Amino acid sequence: MKNVNLKTWGSFIAFLILAGISCWATEHSFHLLIKWMPEAFVWGLTIAFFILASYGTKLIVDALNKDNWMEHRRRTFWIGVVLVTIFWFFMSMPTNTHTFFYNHNIGNKVQEDLTTTTNYLNQIKERTVVDSAYYTVHAKVHDKFKDLRDEFNGIGGSRRKGYGEYVSKLIGEINEILESELPGSGIKSNDAAWYSTSPVVLTNYENQMNRALESIRDQKYRVSQTASNEANEDLRKLQIMSDTIKTMVELGSIHEDVITQTDGVILSGYTTIKENQKYVKFDNLTDKDTYTSDNLETKTKRMLSVIDVWGDFFKGKYPISFIFYILLSILVDVAAFMFFDFTFKRKDN
């Protein structure tokens, strides 16, 4: 009898340990998803869910045990299946998997988010990307100047070489385009060079055209200096959080308040990128969709949601190694259920 009691108590203690691990993981995942809910209340729900799931496994085991007499055996079995499905398959197992996956990967995910956001903000800060609409203007002006060059060299439609009526007319057409883009940026013709065939005249007009196009590009088709300054400020804040996250990862400790604060800074960077998306060259369509979405959500924030993490897994966004965390979650819970069933095993007199 003492030996039986020792095994029972040993099983009960083992159940409490494993149940504690499972409930901690479930509570952590729930709390990340619903931070507005008091933590004590979340703990209460988590414990209640796990007890109900454990009781469900006991009902299934009892219903399948043909050595014991049971009234309504089939009903008992299906009640157990419903309890396990609702409180374990849809609650405990997914949230536990999420917590194990989150704790092991959140540091790297935040660093990845910081790095990508920093790269795109640098493009805005440095004003490196030109609005693609500029190249339409560039092509129009260069097409006109090609006709001008041909006229000047005597191979155009008029067959008259040098600076004259037809070249002057083309300069006027070029200036219409340039002035419409940026007033005061047109080519200034040299009437003293009328009928001149000197290539210096043509070179002068070409240099003026190129300078005008550069001014139009820099003043109209690059991101504004104000936006550049905003990106620079975002980068300064991101660097501070990047150093903090790097230290946290190196120490192997996860601080939710730091993650939340970092996510807020990253979201500010996302907003700046979205507002100036014409001046950002995205590495791929996925990044473009992420940073220009109607409802911005950082990659870091998606890691906080058990629903989003599982959704991304089913979409193939996470490697096959995610299955390891699923198996770990299942093993912890199944072991706890086995000890629970042994502790409260039904015995007929």
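Sequence order sets the numbering: in each chain, residues are counted from 1 along the sequence as written. Only residues with pLDDT of at least 70 are given local features in this predicted model, and only at 80 or more are side-chain atom pairs given and counted; all residues enter the totals for whole chains, interfaces and linings. With hydrogens and water excluded, all non-hydrogen atoms of the structure serve as input to the side-chain values.

A. Region of the structure containing the overall build of the chain. The helix and strand inventory of the chain stands at 12 helices and 0 strands. Along the chain direction, N to C, the helices and strands of the chain fall in the order α-α-α-α-α-α-α-α-α-α-α-α. Radius of gyration here uses only the C-alpha atoms, and the compact-globule reference equals 2.2 Å multiplied by the residue count raised to the power 0.38. At 35 Å, the chain has a C-alpha radius of gyration far larger than the 20 Å of a compact globule built from 349 residues. Dimensions along the principal axes, computed over C-alpha positions, put the chain at roughly 120 × 40 × 30 Å. With a 1.4 Å probe rolled over the protein chains alone, any residue whose accessible area is under 20% of its type maximum counts as buried; one over 50% counts as exposed, and the rest are partly exposed. Residues classed as buried in the chain amount to 44% of the 349 residues present. As displayed, the chain has an accessible area near 19,500 Å², and 59% of this comes from carbon and sulfur atoms. Note on charges: Lys and Arg go in the positive column, Asp and Glu in the negative column, and His and the chain ends are not counted at all. By convention, charge coordinates are those of NZ in Lys, CZ in Arg, CG in Asp, or CD in Glu. Of the side-chain charges in the chain, 39 are positive and 41 negative, and the distance between the mean point of each set is 5 Å. Numbering of helices and strands runs from the N terminus; a helix is a DSSP stretch of H or I covering at least four residues, while a strand is a stretch of E covering at least two. All accessible areas in this document rest on Shrake-Rupley with a 1.4 Å probe, and a residue is counted as covered only by the protein chains that are shown.

B. Main features of the packing of aromatic side chains. Stacked, edge-to-face and tilted labels apply to pairs of Phe, Tyr and Trp rings (six-membered ring for Trp) whose centres lie within 6.5 Å, assigned for plane angles under 30 degrees, over 60, and everything in between, in that order. This model, assessed by the stated rule, comprises 30 aromatic pairs. Ring centres of Tyr-270 and Tyr-291 lie 4.2 Å apart, and the angle between their planes is 35 degrees; on these two criteria the pair is classed as tilted. Of this pair, Tyr-270 sits in helix α8 (residues 256-275) while Tyr-291 sits in helix α9 (residues 285-291), and the two are 21 residues apart along the sequence. The structure contains a cluster of three or more aromatic residues connected by ring pairs, namely Trp-9, Phe-12, Phe-15, Phe-50, Trp-88, Phe-89, Phe-90, Phe-337 and Phe-340.

C. Seen up close, helix α5 (residues 165-181). To estimate how far a helix should reach, multiply one less than its number of residues by 1.5 Å. Here α5 spans 25 Å end to end across 17 residues, near enough to the 24 Å set by a 1.5 Å rise per residue. Taken as a whole, α5 has its buried residues at Val-167, Leu-170, Ile-171, Ile-174, Asn-175, Ile-177, Leu-178 and Glu-181. For α5, the secondary structure elements touched by its buried residues are α4 (133-152) and α6 (199-220). Any two residues whose heavy atoms approach within 4.5 Å are treated as being in contact.

D. Focus on the layout of surface pockets. There is about 450 Å³ of room inside the largest pocket. The definitions used throughout rest on a 1 Å grid laid over the protein atoms alone, on which a cavity is an enclosed set of points accommodating a 1.4 Å probe that cannot get out and a pocket is an open set flanked by protein within 12 Å on both sides along at least five of seven lines; lining residues are those having an atom within 4 Å of a point. Thr-286, Thr-290, Lys-299, Arg-302 and Lys-317 are the residues nearest the centre of the largest pocket, which is lined by 17 residues in total. Amino acids are sorted into nonpolar (Ala, Val, Leu, Ile, Met, Phe, Trp, Tyr, Cys and Pro), charged (Asp, Glu, Lys and Arg) and polar (every other residue, Gly among them). When grouped by side-chain class, the residues that make up the lining of the largest pocket number 2 nonpolar, 5 polar and 10 charged. Grid points are joined across faces, edges and corners, and a volume is the space filled by probe spheres set on the points.

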